[in-house]
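Read off the chains here:
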Amino acid sequence: MAVVFEKPKALADVPFHYCPGCTHGIVHRLVAEVLDELGVEGQTVGVASVGCSVFSYNYFNCDMVQAAHGRAPAVATGLKRALPDNVIFTYQGDGDLAAIGMAETVHAATRGENITVIFINNAIYGMTGGQMAPTSLPGQVTQTSPYGRDVKTAGYPIRVCELLSTLSGTALAQRVTVDSVAHVREAKKAIKKGFENQINKRGYSIIEVVSTCPTNWGLSPKEAMNWLRDNMLPYYPLGVYKDVTAEGGEQ
Amino acid sequence: MAEKVLMKGNEALAEAAIQCGCKHYFGYPITPQTEVAAYMSKRLPKEGGVFLQAESEVAAINMVLGATSAGVRAMTSSSSPGISLKSEGVSYIGGSDLPALIINVQRGGPGLGGIQPSQSDYWQATKALGHGDFQLFVLAPSTIQEMVDFVSLAYEVGEKYRVPAMILSDGMLGQMMEPVEFPQKKEGPIAEKAWATNGHQNKRKKNIINSLYIQPEELENLIKERYERYAKIKEEEQRAEEFMCDDAEIFVVAFGASSRVSRSAVMQARAEGIKAGLIRPITLWPFPDKTIEKNVDKAKKFLCVEMNMGQMVDDVKLVVNGRKDVEFFGRTGGIIPTPAEVLGEIRKLAGKEN
Amino acid sequence: MAKVTINEALCKGCGLCVEACPKKLLVLATDHINAKGYHPSTMTDESQCVGCASCAIMCPDVAIKVER
């Protein structure tokens with residue numbers, strides 16, 4: 001019998017600390033599968049951000065740097081400028097990328113910083129126990145929006161891919177999800193493209209993965225997937241928001 | 001002997017960094033250090049290096065963290081308000097055991113303060129540049145030549161002990177010009193760092209640069225190990241200059257720009273028959289307590305002269321420990337004390353009123 | 001003929017594999033728990049498994065190996 005599915009080599013033999021049904025694990029695996037397929041684990045340096053995925057430095061077998069909250073794009077910039085031929089990626093959540101690290105994110109993108117960004121959008125702060133995120137939906141109940149996110153006082157959720165797609169330095173801005181086998185396959189393709197863009201020196205690639213947080217959403221893993229489909233995807237439509245390779249012109 | 005050239009402090013320091021093999025500069029404009037960035041932007045691209053004007057001081061210091069993690073010599077420079085912004089990244093650099101070079105060309109504070117020279121970041125540099133238990137190796141130049149010489153020293157000590165290093169300069173030294181000489185270029189490349197995250201190439205175990213340790217015992221042990229390195233730095237890396245100290249009775253203690261003024265005042269006091277001497281701390285952390293201690297017995301009084309409201313004076317008092325009087329004279333807000341003012345203070349301590 | 005190996009020690013009983021299996025061959029065990037205290041995913045009838053790996057693709061804990 002042939003193995004049709006097993007743990008990728010770029011993923012360490014360490015159990016994830018994530019809650020049951022948390023999609024971080026799926027996305028970690030996809031990143032590792034892509035590193036395996038491209039054969040670049042040995043050249044890769046990952047940057048872990050602050051949030052639930054902070055321990056990702058334990059999970060990937062490549063070299064890893066742990067950055068301060070929101071600063072992963074700046075740390076990745078320093079790494080990439082020192083190691084232009086290596087593969088540098090960040091793995092960031094919504095609070096990290098779209099709130100405290102929005103300046104670093106926008107400027108890394110506009111500089112066309114040749115890095116790959118994996119962005120987990122689950123509309124909540126997981127690690128600190130479920131506070132409102134910059135991507136929490138209008139009306140969404142969180143620990144710090146107990147009456148539901150009131151857009152009159154808390155403003156509107158940020159659509160990151162749409163925003164970054166307006167910047168000339170962005171090579172790829174694609175939103176995917178991992179709620180089904182078909183979507184997981186699509187997500188992997190997008191992640192692979194993000195890494196290939198870097199290898200081909202195309203600039204900043206961001207793959208936004210609409211994800212779940214069953215624990216802080218107060219739902220079972222199955223219910224969380226349904227909530228994602230019913231509430232997240234209408235506000236955050238899946239799709240390619242920018243792709244320089246599709247536009248025919250390389251930057 | 002290399003040729004002497006007339007250079008501005010900020011530019012001389014930048015050139016020295018390039019000659020030390022620093023090819024990665026990340027900064028953000030702020031007076032009075034902007035010449036460092038401007039010089040780097042002109043020179044580094046021609047040296048095959050990277051000059052990057054970051055979106056903020058916060059980003060710049062984290063870019064330094066990233067580049068340093070890769071194993072290269074990197075630096076950033078700023079002035080007081082910008083250094084406060086960098087403090088987050090400096091703490092992470094300290095907590096990740098990374099060497100890095102940080103330049104503070106001090107101006108008056110707090111807040112936006114002013115743009116004239118100051119030494120009011122002494123506490124920040126030596127006690128608390130960021131959260132947590134950690135220290136930086138801090139050097140205080142007093143001449144443009146030292147702005148040059150201390151760059152290689154900061155890199156060497158920082159890399160040897162894996163601690164961040166700071167050159168604590170000020171707006172006067174940054175802006176003034178003096179003739180300087182650059183050391184002959186060093187042989188060979190900068191040593192490989194076994195801890196660097198530069199891709200394991202499937203040849204070694206993976207490296208992790210990290211400052212997070214959830215288990216308190218693990219974190220405590222790590223910090224204790226770091227403090228053993230700090231103890232070694234205290235033992236081996238203290239530096240101070242003694243000027244006319246052999247038979248002195250009134251000891252002026254001053255660093256950086258205020259030590260230049262104090263040196264003139266000490267010479268004038270000597271001309272008046274007052275036995276004054278100058279102790280000039282060169283390393284601010286570790287504070288040169290051995291040099292102070294050596295002179296406590298013969299001293300009648302100490303006079304700390306600073307461009308702030310009295311910060312280093314605390315460290316002098318800690319060493320003197322009540323055995324002798326330690327007085328303070330300072331100007332702040334961007335004002336440099338005059339030699340005449342300092343001489344007046346020396347006279348008072350010598351019992352010779354003006 | 002396919003073989004699904006579930007590493008029970010890694011399983012957190014989230015049930016995403018149960019949902020993903022097109023033939024509904026997986027269940028969360030009701031008769032035992034693993035060391036983490038979860039009811040681990042269990043294969044009910046391997047003879048019907050086609051080895052599509054849908055379960056493994058959806059498993060957030062990389063607890064499933066599939067052979068065919």
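By convention here, each chain's residues receive numbers from 1 onward along its written sequence. Lettering for chains starts from A, numbering for ligands starts from 1, and both go in the order in which the items are written. Where totals are concerned, whole chains, interfaces and linings use all residues; where local detail is concerned, this predicted model gives features only for residues with pLDDT of at least 70, and gives and counts side-chain atom pairs only at 80 or more. In computing side-chain properties, one takes all heavy atoms of the structure into account and sets aside hydrogens as well as water.

With respect to the overall build of chain A
Point 1. By the criteria applied, helices consist of DSSP H or I runs no shorter than four residues and strands consist of E runs no shorter than two, each listed in order from the N terminus. Along the backbone of chain A there are 10 helices and 8 strands.
Point 2. Computed over the C-alpha atoms, the radius of gyration of chain A is 17 Å, within 12% of the 18 Å expected from 2.2 N^0.38 for a compact globule of 251 residues.
Point 3. Over its C-alpha atoms, taken along the principal directions, chain A stretches across nearly 50 × 50 × 35 Å.
Point 4. Buried means the residue's accessible area, taken with a 1.4 Å probe over protein chains only, is under 20% of the maximum for its type, while exposed means over 50%, and partly exposed covers the values in between. For chain A, with 251 residues in total, the buried portion stands at 61%. The globule rule is 2.2 Å times the number of residues to the power 0.38, and the radius of gyration it is compared with is taken over C-alpha atoms.

Here we look at the interface of chain A and chain C
Point 1. The contact criterion used throughout is that any non-hydrogen atoms of two residues lie within 4.5 Å. Every contact between the two is made by 29 residues of chain A and, on the other side, 26 residues of chain C.
Point 2. The term buried area denotes the loss of accessible surface (1.4 Å probe radius) that occurs when two parts are joined, taken as the sum for both partners. Taking both partners together, chain A and chain C bury about 2,100 Å²; carbon and sulfur atoms supply 69% of that area.
Point 3. A per-residue breakdown of the area chain A buries against chain C is headed by Met1(A), Val4(A) and Phe5(A), which together make up 29% of the total.
Point 4. What counts as a salt bridge is simple: a side-chain nitrogen of Lys or Arg found within 4 Å of a carboxyl oxygen of Asp or Glu. At the boundary of chain A and chain C, one finds 1 salt bridge.
Point 5. For Glu19(C), the salt bridge goes to Lys222(A), with nearest N and O atoms at 3.5 Å.
Point 6. Any N or O atom pair separated by 3.5 Å or less is treated as a polar contact, with the protein-specific requirement of one donor-capable and one acceptor-capable atom, and with residues adjacent in sequence counted only for side-chain atom pairs. Across the chain A-chain C interface, the total number found is 8 residue pairs in polar contact (both at pLDDT 80 or more).
Point 7. Of all elements in the fold, only strand 1 (3-5), helix 1 (24-38), helix 8 (181-199) and helix 10 (221-235) of chain A reach the threshold of two or more residues within the side of chain A that touches chain C.
Point 8. Strands pair, by our definition, only if DSSP identifies at least two bridges between them. When strand 1 of chain A meets strand 4 (residues 64-67) of chain C, the two strands line up antiparallel, connected through 2 bridges. Looking at the pairing, Val3(A) lines up with Glu67(C) of strand 4 of chain C.

Comments concerning the domain arrangement of chain B
Residues and elements named next belong to chain B.
Point 1. Domain limits in this description derive from either an automatic procedure or a database domain assignment. Looking at chain B, the domain boundaries give domain 1 (4-188 + 211-236) and domain 2 (240-349).
Point 2. Summarising the inter-unit geometry, the C-alpha centres of domain 1 and domain 2 are found 26 Å apart.
Point 3. In this assembly, 31 residues from domain 1 lie in contact with 26 residues from domain 2.
Point 4. Across the interface of domain 1 and domain 2, roughly 2,500 Å² is buried in total on both sides, 57% from carbon and sulfur atoms.
Point 5. Counting the surface domain 1 buries against domain 2, the share from its top three residues, Gln-119, Tyr-122 and Trp-123, is 29%.
Point 6. Along the contact surface separating domain 1 from domain 2 lie 4 salt bridges.
Point 7. With a closest N to O distance of 2.6 Å, Glu-178 and Arg-260 form a salt bridge.
Point 8. Counting the contacts that link domain 1 with domain 2 gives 18 residue pairs in polar contact (both at pLDDT 80 or more).
Point 9. Among the elements of the structure, helix 5 (122-126), strand 6 (137-139), helix 6 (144-161), strand 7 (164-170), helix 7 (171-175) and helix 8 (216-236) are those that each provide at least two residues to the side of domain 1 that touches domain 2.
Point 10. The element that contributes the greatest number of residues to the side of domain 1 that touches domain 2 is helix 8, accounting for 4 residues.
Point 11. For the side of domain 1 that touches domain 2, the class distribution of residues is 16 nonpolar, 8 polar and 7 charged. Residues are grouped as follows: Ala, Val, Leu, Ile, Met, Phe, Trp, Tyr, Cys and Pro are nonpolar; Asp, Glu, Lys and Arg are charged; all remaining types, including Gly, are polar.

Describing the interface of chain A and chain B
Point 1. Taken together, the contacts link 35 residues of chain A with 34 residues of chain B.
Point 2. Note on chain A versus chain B: buried area summed over both sides is about 2,500 Å², and carbon and sulfur give 57% of it.
Point 3. For Arg71(A), the salt bridge is made with Glu88(B), and the minimal N-O distance between the two is 2.8 Å.
Point 4. One can count 19 residue pairs in polar contact (both at pLDDT 80 or more) joining chain A with chain B.
Point 5. Broken down by secondary-structure element, the contributors of at least two residues to the side of chain A that touches chain B are strand 2 (44-48), helix 2 (56-59), strand 3 (63-66), helix 3 (72-82) and helix 5 (102-110) of chain A.
Point 6. At 7 residues, helix 3 of chain A tops the list of elements feeding residues into the side of chain A that touches chain B.
Point 7. Residues that form the side of chain A that touches chain B fall into these classes: 17 nonpolar, 11 polar and 7 charged.
Point 8. With 2 bridges joining them, strand 3 of chain A and strand 9 (residues 208-209) of chain B adopt parallel strand pairing. Counterpart to Met64(A) in the pairing with strand 9 of chain B is Ile208(B).

Describing the pattern of salt bridges
Point 1. Scanning the entire structure with this criterion turns up 43 salt bridges over all chains.
Point 2. Between Glu241(B) and Arg263(B) there is a salt bridge whose closest N-O contact spans 2.8 Å. Of the two residues, Glu241(B) sits in strand 10 (residues 240-243) while Arg263(B) sits in helix 9 (residues 256-271), which places them 22 residues apart along the sequence.
Point 3. For Glu241(B), a relative accessible area of 22% corresponds to the partly exposed category.
Point 4. Two residues, Asp61(C) and Lys12(C), come together in a salt bridge whose shortest N-O distance is 2.8 Å.

So, the packing of aromatic side chains
The geometry of an aromatic ring pair is captured by two quantities: the separation of the ring centres and the angle between the planes.
Point 1. Any two rings among Phe, Tyr and Trp, with Trp reduced to its six-membered ring, count as a pair given centres within 6.5 Å; such a pair is stacked if its planes are under 30 degrees apart, edge-to-face if over 60, and tilted if neither. Inspection of every chain in the model, using the stated rule, returns 14 aromatic pairs over all chains.
Point 2. Seen from their ring centres, Phe60(A) and Phe89(A) are 5.4 Å apart, and the 85° between their planes marks the pair as edge-to-face. Of this pair, Phe60(A) sits in the loop between helix 2 and strand 3 while Phe89(A) sits in strand 4 (residues 87-93); the two residues are 29 residues apart in sequence, bridging distant segments of the chain.
Point 3. Residue Phe60(A) is classed as buried on the basis of its relative accessible area of 0%.
Point 4. Residues Tyr25(B) and Phe51(B) carry aromatic rings whose centres are separated by 5.7 Å and whose planes lie at 5° to one another, so their mutual orientation is stacked. Here Tyr25(B), found in strand 2 (residues 24-27), pairs with Phe51(B), found in strand 3 (residues 50-53); they are 26 residues apart in sequence, far enough to count as distant.
Point 5. Members of the aromatic cluster, each reached through a chain of ring pairs, are Phe60(A), Phe89(A), Tyr91(A) and Phe195(A).

Points about the sheet that holds strand 5 (residues 100-106) of chain B
All names here are of chain B.
Point 1. With mixed pairing, the 7 strands of this open sheet are ordered in space as 3-2-4-5-7-6-13. Strands with a single pairing partner mark the edges of an open sheet, and in this sheet they are strand 3 and strand 13 (283-285). The sheet shows a mean angle of 20° between the axes of neighbouring strands, taken without regard to direction.
Point 2. In this sheet, strand 13 lies alongside strand 6 in antiparallel orientation, the contact comprising 2 bridges. Bridged to Val-138 within strand 13 is Trp-285.
Point 3. For helices, the axis comes from a line fit to the C-alpha atoms of the stretch in contact; other axes are also lines fit to C-alpha atoms, and the angle between any two N-to-C directions lies between 0 and 180 degrees. Those strands touched by helix 3 (residues 57-69) are strand 2, strand 3, strand 4 (74-78) and strand 5, and its axis lies near 160° from that of strand 4.

Overview of the layout of surface pockets
Point 1. Reported here for the largest pocket is a volume of approximately 650 Å³.
Point 2. Surrounding the largest pocket, 36 residues form its lining, Val50(A), Val54(A), Gln66(A), Tyr92(B) and Leu212(B) being those nearest its centre.
Point 3. Counting only elements with at least two residues in the lining of the largest pocket, the list comes to helix 4 (94-100) of chain A together with helix 4 (80-95) and helix 8 of chain B.
Point 4. The dominant element in the lining of the largest pocket, judged by the number of residues it contributes, is helix 8 of chain B, at 4 residues.
Point 5. In terms of residue class, the lining of the largest pocket is built from 16 nonpolar, 16 polar and 4 charged. Within this scheme a cavity is a closed region of a 1 Å grid, computed over the protein atoms alone, that accommodates a 1.4 Å probe without allowing it to escape, whereas a pocket is open but has protein on both sides within 12 Å along at least five of seven lines; lining residues each have an atom within 4 Å of a point. Grid points are joined across faces, edges and corners, and a volume is the space filled by probe spheres set on the points.

Points about the packing of helix 3 of chain A against helix 3 of chain B
The description of two helices packed together rests on the angle between their axes and the distance between the axes.
Point 1. Contact geometry of helix 3 of chain A with helix 3 of chain B gives a least axis separation of 6 Å together with a crossing angle of 45°. Comparing the axis directions of helix 3 of chain A and helix 3 of chain B gives the class oblique. Note that helix 3 of chain A runs across helix 3 of chain B; the crossing there is right-handed. Residues Ala74(A), Val75(A), Thr77(A), Gly78(A), Leu79(A) and Ala82(A) of helix 3 of chain A form the contact with helix 3 of chain B, whose own contacting residues are Ala59(B), Asn62(B), Met63(B), Leu65(B), Gly66(B), Ala67(B) and Ser69(B).
Point 2. Looking at the contact of helix 3 of chain A with helix 3 of chain B, its residues break down into 8 nonpolar, 5 polar and no charged. When an angle is under 35 degrees it counts as roughly parallel; over 145 it counts as roughly antiparallel; between 65 and 115 it counts as roughly perpendicular; any other value is oblique. Definitions for this section: a left-handed crossing has its near helix turned counterclockwise from the far helix by less than a right angle. A right-handed crossing has that turn clockwise.

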